[in-house]
Amino acid sequence: MSTKYELPTLPYDLDALEPVISSEIMDLHYNKHHQTYVTKLNDALEKFEAAQAKEDIATMISLQPAIKFNGGGHVNHSIFWTNLAPKGEGGGGGPTGELAEAIDRDFGSLDKFISKFNAKTAAIQGSGWGWLAYNGEKDCLEIETCANQDPLSITGKTPLLGIDVWEHAYYLVYKNARPKYLENIWEVVNWTNVAERYKNAK
């Protein structure tokens, strides 16, 4: 395989998001879970390329779920790490400029957006992601949820902010209290990064 995917460099130390996200969770989540998605994605793509060379369509089709799952896991987490920042170093507060205006326009206020986002994301059955998405066709912001590691991009919308609600993202600290994790994570949301994604999407 000509190009292999790699674990992206984490933009802060493993303990930088404490107490919202513990260093133990970050170590497991980044170094183990995300690395596993990258490793399995590369393995699946290598097998796909070999099957393609043999025109082995059955094998190519059988590899699609692994490519979607592990590719989605890699894409989603690569966004997630940049969507977060330590408190006092870009994390927390709220959006400004065009993004703030768009949130007010489409949700009423930042508080209303967070309330709706948390309610919709907390209700995901099993594992998945909550997203602040940009709908280019309608030129508006929307809240979306995706199951498992499905990437938001398959819906045709652009991911701006993703919150991981797989248990590995919070269980060591929050146990089964997913709503508490969602309540606290806004203390480390990197709104500058979200605003850059919004600007690029437009």
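Residues numbered from 1 in each chain as written. Predicted model: local features only at pLDDT ≥ 70, side-chain atom pairs only at ≥ 80, totals over all residues. Heavy atoms only, no water.

Draft legend 1. Structural detail: the packing of helix α1 (residues 23–53) against helix α2 (residues 57–83). One way to put it is that α1 packs onto α2 with a least axis distance of 8 Å and a crossing angle of 145°. Remark: the crossing between α1 and α2 carries left-handed chirality. (Axes fitted to C-alpha atoms, helices over the stretch in contact; angles between N-to-C directions. Helix = DSSP H or I, 4+ residues; strand = E, 2+ residues; numbered from the N terminus. Left-handed = near helix turned anticlockwise from the far one by under 90°.)

Draft legend 2. Representation of the pattern of salt bridges in the model. Taken as a whole and assessed by the stated rule, the structure comprises nine salt bridges. Ionic pairing is found between K157 and E144, a salt bridge with its closest N-O pair at 2.6 Å. Of this pair, K157 sits in the loop between β2 (140–147) and β3 (158–164) while E144 sits in strand β2; the two residues are 13 residues apart in sequence, bridging distant segments of the chain. Between K180 and E183 there is a salt bridge; the shortest N-O distance is 3.4 Å. With K180 and E183 both in helix α6 (residues 178–185), this residue pair falls three residues apart, about one helical turn. Assessed through its relative accessible area of 39%, K180 is described here as partly exposed. (Salt bridge = Lys/Arg side-chain N within 4 Å of Asp/Glu carboxyl O. Buried < 20%, exposed > 50% of the residue type's maximum accessible area, 1.4 Å probe, protein only.)

Draft legend 3. Spotlight on the nonpolar core. Formed by 47 residues in total, the largest nonpolar core has its most connected members in F113, L141, Y181, I185, W186 and W191. Broken down by element, this core gets its largest block of residues, five residues, from strand β1 (residues 128–135). In contact with W191, other than residues within four places in its own chain, are G90, G92, G93, G94, P95, L99, I103, L110, F113, L161 and W186. Of all hydrophobic cores here, the second largest spans seven residues; its members include L41, A44, F48 and I67. (Core = buried A, V, L, I, M, F, W, Y, C linked by side-chain atoms within 4.5 Å. Contact = heavy atoms within 4.5 Å.)

Draft legend 4. Spatial organisation of the pairing of β1. Judged by how many residues are buried, β1 sits mostly within the fold: eight of eight residues are covered. Here β1 shows two buried faces, one formed by G128, G130, L132 and Y134 and the other by W129, W131, A133 and N135. Here β1 folds back onto β2, and the loop between the two strands holds four residues, one of which, D139, carries a positive phi near 50°. Pairing of β1 with β3, which is carried by six bridges, proceeds in the antiparallel orientation. (Pairing = 2+ DSSP bridges.)

Draft legend 5. Here's a closer look at the state of the cysteines. Considering all chains together, one arrives at zero disulfides under this definition. Looking at the unpaired C140, the closest cysteine sulfur is the one in C146, lying at 16 Å. Given the relative accessible area of 8%, C146 is considered buried. (Disulfide = S-S within 2.5 Å.)

Draft legend 6. Local environment of helix α7 (residues 191–201). Among the residues of α7, W191, N193, V194 and Y198 are the ones counted as buried. Down the axis of α7, the buried side of the element spans an arc of 160°, and every buried residue falls inside it. With respect to the buried face of α7, the exposed residues turned more than 90 degrees away are T192, K199 and N200. Next to the buried residues of α7 lie α2, α3 (97–107), α4 (110–122), β1, β2 and β3. (Arc of directions from axis to C-beta.)

Draft legend 7. Summary view of the sheet that holds β2. Read from one edge of the open sheet, three strands run β2-β1-β3, paired in antiparallel fashion. Of all strands in the sheet, those bounded by a partner on one side alone are β2 and β3. Averaged over all pairs of adjacent strands, the angle between their axes in this sheet comes to 25°, without regard to strand direction. The pairing of β1 with β2 spans eight bridges and is antiparallel. The residue bridging W129 from the neighbouring strand is C146, located in β2. Lying over the sheet, α3 contacts β1 and β2, oriented at roughly 80° with respect to β2. Docked against the sheet, α4 engages β1, β2 and β3, running at close to 20° with respect to β2.

Draft legend 8. Spatial organisation of a negative patch on the surface. A cluster of acidic side chains, namely D13, D15, E18 and E89, defines a negative patch on the protein surface. Considering the arrangement of structural elements, one finds E18 in the segment before α1. (Patch = residues over 30% accessible without salt bridge, like charges linked within 9 Å, V, L, I, M, F, W, Y side chains within 5 Å. Areas by Shrake-Rupley, 256 points an atom, 1.4 Å probe, with all protein chains shown as cover. Lys, Arg positive; Asp, Glu negative; His and termini not counted. Charge placed at Lys NZ, Arg CZ, Asp CG, Glu CD.)

Draft legend 9. Seen up close, the packing of aromatic side chains. Under the counting rule described, the total for this entry stands at 14 aromatic pairs. Pairing Y30 with W81 gives two aromatic rings, centres 5.8 Å apart and planes at 80°, and the pair type is edge-to-face. Placement of the pair is Y30 in helix α1 and W81 in helix α2, with a sequence separation of 51 residues. Centroid distance F80 to W81: 5.3 Å. Interplanar angle 45°. Geometry classified as tilted. Judged by relative accessible area, W81 falls into the buried class, the value being 2%. Taken together through their ring pairs, the aromatic side chains of Y30, F80, W81, W129 and W131 make up a single cluster. (Phe/Tyr/Trp six-rings, centres within 6.5 Å; stacked < 30°, edge-to-face > 60°.)

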